[in-house]
Amino acid sequence: MKKSLIRVRMSAHDAHYGGNLVDGAKMLQLFGDVATELLIANDGDEGLFVAYDNVEFLAPVYAGDYIEATGEITHRGNSSRKMAFEAKKVIKPRPDISPSAADVLEEPLLVCRASGTCVVPKNCQRKNNP
């Protein structure tokens, strides 16, 4: 497995700022979950997230939005795994119509992009994936 995808609805609990705006750190939390799944699938171990080398917040996320977070391993070292991530808004609420109205976006909106490095110590690697 070289790619991972999760889809999550942002709740009122995720909203941190006025207007139900979700903290950008929530996207990084989703990327961490994606990275963990990638490492388990590829190495049989959760590994450790070492660093982000790039993070771009490209559009706001609000409570009620559905976010699809994806990631892939772009480079595999002896114990390091470089990864690239994207978070896209795929559904947005429509409170202007009614309190429960929502729309599936025709084109997902890229809200965050990042890249980073994880490490799985050699003694924790249980799979041999070239």
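Thresholds, definitions, all that
- Residues numbered from 1 in each chain as written.
- Predicted model: local features only at pLDDT ≥ 70, side-chain atom pairs only at ≥ 80, totals over all residues.
- Heavy atoms only, no water.
- Salt bridge = Lys/Arg side-chain N within 4 Å of Asp/Glu carboxyl O.
- Buried < 20%, exposed > 50% of the residue type's maximum accessible area, 1.4 Å probe, protein only.
- Helix = DSSP H or I, 4+ residues; strand = E, 2+ residues; numbered from the N terminus.
- Contact = heavy atoms within 4.5 Å.
- Pairing = 2+ DSSP bridges.
- Core = buried A, V, L, I, M, F, W, Y, C linked by side-chain atoms within 4.5 Å.
- Polar contact = N/O pair within 3.5 Å; in protein donor to acceptor, adjacent residues only side chain to side chain.

## Details of the pattern of salt bridges
Alright, step 1. Per the stated rule, a full pass over the model turns up nine salt bridges.
Alright, step 2. The salt bridge involving D103 is made with R94; its shortest N-O contact spans 2.7 Å.
Alright, step 3. When its relative accessible area of 22% is taken as the criterion, R94 is described as partly exposed.

## Overview of the side chain of K26
Alright, step 1. The residue K26 is located in helix α1 (residues 25-43) in this model.
Alright, step 2. When residues no more than four places from it in sequence are discounted, the contact partners of K26 are M10 and D14.

## Re the pairing of strand β7 (residues 102-119)
Alright, step 1. As paired elements, strand β4 (residues 48-57) and β7 share eight bridges and run antiparallel to each other. Directly across from N54, in β7, lies its bridge partner S115.

## Here we look at the nonpolar core
Alright, step 1. Of all hydrophobic cores here, the largest spans 23 residues; its most connected members are M27, I67, M83 and V111.
Alright, step 2. Elements with a contribution of two residues or more to this core: α1, β5 (66-76), β6 (80-93) and β7.
Alright, step 3. Ranked by the residues each element gives to this core, the list is headed by α1, at seven residues.
Alright, step 4. When near neighbours in sequence (up to four residues on either side) are disregarded, M27 contacts M10, V61, I67, A87, V111 and C112.

## What about the environment of L58?
Alright, step 1. Its location among the elements puts L58 in the loop between β4 and β5.
Alright, step 2. Overall, the relative accessible area of 39% leaves L58 in the partly exposed class.
Alright, step 3. Taking the C-alpha atoms as reference points, L58 and V111, separated by 53 residues in sequence, lie 4.7 Å from one another.
Alright, step 4. Those residues in contact with L58 that lie beyond four places of it in its chain are L110, V111, C112 and R113.

## Focus on the side chain of S4
Alright, step 1. Checked against the element boundaries, S4 lands in strand β1 (residues 3-9).
Alright, step 2. Using a relative accessible area of 4% as the deciding quantity, one classes S4 as buried.
Alright, step 3. For S4, the side chain forms a polar contact with the side chain of E37, separated by 2.9 Å.
Alright, step 4. In this view, S4 contacts V34, E37, L38, A69, T70 and G71; residues no more than four positions away in its chain are not counted.

## Focus on the environment of E56
Alright, step 1. Along the chain, E56 turns up in strand β4.
Alright, step 2. You can call E56 partly exposed: its relative accessible area is 28%.
Alright, step 3. Residues E56 and R113, spaced 57 residues apart in sequence, show a C-alpha to C-alpha distance of 5.2 Å.
Alright, step 4. Excluding residues that lie within four positions of it along the chain, E56 makes contacts with V111, C112 and R113.
Alright, step 5. Within the local environment of E56, its side chain forms a polar contact with the side chain of N54, the two groups lying 3.4 Å apart.

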